[in-house]
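Each chain, written out:
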Amino acid sequence: MANCLLSLGSNLGDRGAHLQAALRSLSSLPQTVLLAQSSFRDTKPVGGPAAQDPFLNAAALIETSLSAQQLLAELQRIENELGRVRTERWGPRTIDLDLLLYDKLELESPELTLPHPRMSFRRFVLEPANEIAAEMVYPINGWTIARLLENICKLPAEIALSPGLSESELRIDHSPEWALVDFDEQSRRELHGGVKPRLVVVWHPADAPSLSRLRRIRRRPDSPPMLWIAGASFEQARQEVIAAMAAME
């Protein structure tokens, strides 16, 4: 049996009813037990089209004998049954069910990435998750959910950009408390000494050796979380940085 952490969200229709229906469906999954559910939290939408309604978010902890791929298929089935329509990325939805952690499994496939690639810096994910699974481990750097949440609450509010991104090129209008810095060799060394950024954004590594070094750093227990978006367009990378900043506020 695997312990799995899930994120739930809704911003269309009767949001609370959608979350409750999703939780009932989760509890009735084969070979699965619903262990805990968090409170429901109102949150601002992050990314996606403007003028969306606020989300209602929650987290759930389950124990299951289903494989990660089988569980993903069941989550998508529940979404479809509750009227989820996929039209645009980060758009409004009746229900959103994300598989965040499947024990300590790490997986990269076209259908599923584990752990969830953006869970480590999303306040609307970490706050409800911390209610029910504070000691569950994010396997990339070994941090607990509680430590991930503490990280995005700390000062300075800094994101390190590496490589191929710079604040001047991104042209992001952000509040004074935020800082976007280049993740050069000096700042890389500082990750293992002084103040660390909340998040490192990796986009189009310059070469394979650079990518290998960053992957090794990513797995160190003293390294902050990293968002890997290699292969995206520059505009997509820009939107990812904007969304990451909003998700940590």
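All values derive from a computational prediction rather than experimental measurement.

What follows deals with the environment of Glu74. In this fold, Glu74 is placed in helix H2 (residues 68-81). Look at Glu74 and you get buried, because its relative accessible area is 18%. Taking C-alpha positions, Glu74 is 14 Å from Glu63, a pair spaced 11 residues apart along the chain. Non-local contacts of Glu74, meaning those with residues more than four positions away in its chain, are made with Leu29, Pro30 and Leu66.

As a further point, take the nonpolar core. The tendency in soluble globular proteins is for nonpolar side chains to be buried as a group. Ranked by internal contacts, the top residues of the largest apolar core, which has 43 residues, are Leu5, Ile145 and Ile159. Listed by contribution, the elements that provide at least two residues to this core are strand E4 (55-64), strand E5 (96-102), helix H3 (123-133), helix H4 (145-153), strand E10 (157-162), strand E11 (178-182), strand E12 (199-202) and helix H8 (234-248). Take this core: its biggest share by element is seven residues, from H8. Ignoring sequence-local partners within four residues, the contact set of Ile159 consists of Trp178, Ala179, Leu180, Val181, Leu199, Val201, Met245 and Met248.

Taking 1.5 Å as the rise per residue, H8 with 15 residues should run 21 Å; its terminal C-alpha atoms sit 21 Å apart, in good agreement. By the burial criterion, the buried members of H8 are Ala237, Arg238, Glu240, Val241, Ala243, Ala244, Met245, Ala247 and Met248.

Turning our eyes to something else, we now look at the sheet that holds strand E13 (residues 226-228). The sheet built from four strands is open, its strands ordered E11-E10-E12-E13 with parallel pairing. Each edge of the sheet is formed by a strand with only one pairing partner; in this case those strands are E11 and E13. In this sheet, neighbouring strand axes are inclined to one another by 25 degrees on average, regardless of whether the strands run parallel or antiparallel. Where E10 meets E12, four bridges bridge the pair, whose relative direction is parallel. If you follow Leu161 over to E12, its bridge partner there is Val201. Seen against the sheet, H8 touches E10, E11, E12 and E13 and runs at an angle of roughly 140 degrees to E11.

Right, let's get into helix H1 (residues 15-27). For H1, with 13 residues, the first-to-last C-alpha span of 19 Å sits near the 18 Å given by 1.5 Å per residue. Among the residues of H1, Gly16, His18, Leu19, Ala21, Ala22, Leu23, Ser25 and Leu26 are the ones counted as buried. Of the surrounding elements, those touching the buried residues of H1 are strand E1 (2-10), strand E2 (32-37), E4, H2 and E5.

What follows concerns the packing of aromatic side chains. Tallied over the full model, the rule gives one aromatic pair. Between the aromatic rings of Trp203 and Phe234, the centroid separation amounts to 5.6 Å while the plane-to-plane angle is 75 degrees, which identifies the pairing as edge-to-face. Of the two residues, Trp203 sits in the loop between E12 and helix H7 (208-218) while Phe234 sits in helix H8, which places them 31 residues apart along the sequence. Taking relative accessible area as the criterion, Phe234 reaches 27% and is therefore assigned partly exposed.

Summed over all chains, the structure comprises 11 salt bridges. Its salt-bridge partner being Glu81, residue Arg77 comes within 2.9 Å of it at the nearest N-O pair. In this pair, Arg77 and Glu81 both sit in helix H2, four residues apart, roughly one turn of the helix. Owing to a relative accessible area of 54%, Glu81 belongs among the exposed residues under this scheme. Salt-bridge contacts for Glu127 lead to Arg123; the nearest nitrogen and oxygen are separated by 3.4 Å. With Glu127 and Arg123 both in helix H3 and four residues apart, the pair spans about one turn of that helix. A relative accessible area of 24% places Glu127 in the partly exposed class.

Quick notes on the rules
Residues numbered from 1 in each chain as written. Predicted model: local features only at pLDDT ≥ 70, side-chain atom pairs only at ≥ 80, totals over all residues. Heavy atoms only, no water. Helix = DSSP H or I, 4+ residues; strand = E, 2+ residues; numbered from the N terminus. Buried < 20%, exposed > 50% of the residue type's maximum accessible area, 1.4 Å probe, protein only. Contact = heavy atoms within 4.5 Å. Core = buried A, V, L, I, M, F, W, Y, C linked by side-chain atoms within 4.5 Å. Expected span 1.5 Å × (residues − 1). Pairing = 2+ DSSP bridges. Axes fitted to C-alpha atoms, helices over the stretch in contact; angles between N-to-C directions. Phe/Tyr/Trp six-rings, centres within 6.5 Å; stacked < 30°, edge-to-face > 60°. Salt bridge = Lys/Arg side-chain N within 4 Å of Asp/Glu carboxyl O.

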